[in-house]
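Architecture at a glance
In case you want the letters, here they are:
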Amino acid sequence: MSEEARQASGWRGPLTGLKVLDLTRVLAGPYATQNLADLGAEVFKVEPPQGDETRHFPPYVGGESHYYLAHNRGKKSLVIDARQPAGKDLVLRLAERVDVLVENFRPGVMDRLGFGYETLAARNPGLVYCSISGFGQTGPLRDMPSFDIVTQAMSGVISINGEADRAPVRLGLPLGDMVGGIYGPISILAALYERSITGRGRQIDISLHDGLVGMLTYFAQLSFVNGVDPRPVGSMHANIFPYGAFPCTDGQIVIAVLTESFWPRFCQALGLEEIADDPRFRTLADRRVHHVALNEIVFATTATKSVAEWEAILKRHDVPHAPILGIGAALSHPHTLARGMVVTTGHPTAGTIRMTGRPVKYTGAPQAPLEAPRLLGQDTADVLRSELGLGDDELRALADAGAISTGIAANGEET
């Protein structure tokens, strides 16, 4: 398809035509299904009558939670009370018609609800069923409740984060949850490829704990090799020097000399040509041994100029560097904007809102504009009509029985 044709058709992305039943809430699961929606999938988010818990997390804009808005764009919202037989039947019927189901309840909950993998696979053998949980479907911690900070603590991540000689702290980014939103879609796409060959789906077991342990990478190898736990080093690197945040007259600047090719450029940029061939600093291994002496020299040098002055100098010498930006400054940076990572869209109650853009782009294939998260239950009637063929009388009967809601306005009244 040409670029013009894609634009004219409102191309959603390479997953156009893929249907996802989203039985997730809070962060890990919703982030996974949002990533699928960003790639073009049609996502049916099924919520209980009170909605996803995060709809009630302050602060709000136009009656909508900032938290919910952050993780649920591009999805259709259905309110179905699966505790009622009629509501349960609707979920089962939807599961027969989708390609993918994503859930992030504790292990065993979906079985108790009647939506376990074996039950749904018997009705839809091609279903790719992704279960995201804190500690996975097996293991001694299988039934333990978990949130981001629990995952960070149990995986060892907190132990390496923070300033040296101070108590470790959790990552500001909730990576313990977001890792499910990364590995979930990867595993789903792999299972869909397998299904294209075998015709059968499978259950996927995503553990947030597994995800962060897997991300330990070279920290894990340090522990394996040295038998010693890595410790927090703040913004510096444990083994690469110079690498970290360095003082300036008006703040700090990050400089990263990760590979040998940047070492002579760095020395020239800082006017420290005399140390380029100093035996103490000639190689990465040498600089690791003598990092205290090296850092003293670098700190004293960077402290003589402003962040802006060092930015200009380091850019001229092609040395990796960056100012330390706040979230607002990062979101308004010209490069962020040029890459389409801040977009605006309309919302029924919040008006014009800004959202982060799609992190994945396709060269020569622009996607349709992002859609704002929906109001609670906004799409219940439309989806049940289109997917299950329900008529107005059936929808009214289900709504009267409390099995569904066809839309909740910002003031909490049914529409």
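Residues numbered from 1 in each chain as written. Predicted model: local features only at pLDDT ≥ 70, side-chain atom pairs only at ≥ 80, totals over all residues. Heavy atoms only, no water.

**Side note on the confidence of the model for the chain**
When the pLDDT values of the chain are averaged, the result is 93; 96% of them are 70 or greater. Segment residues 408-415: pLDDT under 50, and 14 contacts once partners within four positions in sequence are set aside and those in other chains are kept. (pLDDT = per-residue confidence, 0-100. Contact = heavy atoms within 4.5 Å.)

**What about the nonpolar core?**
Within the largest apolar cluster, 29 residues are counted, with the highest numbers of intra-cluster contacts made by Leu21 and Leu384. Where this core is concerned, the elements lending two or more residues are β1 (19-23), β2 (42-47), β5 (75-80), α4 (85-97), α6 (117-123), α18 (380-388) and α19 (392-400). Here the element with the most residues in this core is α4; it accounts for 5 residues. Counting 24 residues, the second-largest nonpolar core is a separate cluster that includes Val257, Ala269, Phe281 and Ile313. (Core = buried A, V, L, I, M, F, W, Y, C linked by side-chain atoms within 4.5 Å. Buried < 20%, exposed > 50% of the residue type's maximum accessible area, 1.4 Å probe, protein only. Helix = DSSP H or I, 4+ residues; strand = E, 2+ residues; numbered from the N terminus.)

**A look at the sheet that holds strand β8 (residues 203-207)**
What the 7 strands build is an open sheet, ordered β8-β7-β6-β1-β2-β5-β14; its pairing is mixed. Two strands close off the open sheet at either side, each with one partner strand: β8 and β14 (404-405). (Pairing = 2+ DSSP bridges.)

**What to know about unusual backbone geometry**
Cis geometry is found at the peptide bond from Pro58 to Pro59, where omega equals 0°. Mapped onto the secondary structure, Pro59 falls in the loop between β2 and β3 (60-61). In the Ramachandran plot, Asp165 falls in the positive-phi region, its phi being about 65° despite a non-glycine side chain. For Asp165, a relative accessible area of 83% puts it in the exposed group. Phi at Thr217 takes a positive value of approximately 35°, unusual for a residue other than glycine. By secondary structure assignment, the location of Thr217 is in helix α10 (residues 217-226). Overall, Thr217 belongs to the partly exposed group, its relative accessible area being 46%.

**Comments concerning the packing of aromatic side chains**
Taken as a whole and judged by the stated rule, the model has 6 aromatic pairs. Each ring, one from Tyr117 and one from Tyr129, has its centre 5.5 Å from the other, and the planes form 75°; the classification is edge-to-face. Here Tyr117, found in helix α6, pairs with Tyr129, found in strand β7 (residues 128-133); they are 12 residues apart in sequence, far enough to count as distant. This pair shows no difference in class: Tyr117 is buried, exactly as Tyr129 is. Geometrically, the ring pair formed by Trp263 and Phe266 is stacked, given 5.8 Å between the ring centres and 25° between the ring planes. In this pair, Trp263 and Phe266 are both assigned in helix α11 (residues 263-269), 3 residues apart and thus about one turn of the helix distant. Phe266 matches Trp263 in its accessibility class, with the two residues each being buried. The residue whose ring lies beneath Arg287 is Trp263, and the NZ or CZ to ring-centre distance is 4.3 Å. (Phe/Tyr/Trp six-rings, centres within 6.5 Å; stacked < 30°, edge-to-face > 60°. Lys NZ or Arg CZ within 6 Å of the ring centre and 35° of its normal.)

**Digging into a nonpolar patch on the surface**
Residues Ile182, Tyr183, Ile186 and Met215 make up a contiguous nonpolar surface patch of about 320 Å² in total accessible area. Following the sequence through the fold, Met215 ends up in the loop between α9 (208-214) and α10. (Patch = residues over 30% accessible without salt bridge, like charges linked within 9 Å, V, L, I, M, F, W, Y side chains within 5 Å. Areas by Shrake-Rupley, 256 points an atom, 1.4 Å probe, with all protein chains shown as cover. Salt bridge = Lys/Arg side-chain N within 4 Å of Asp/Glu carboxyl O.)

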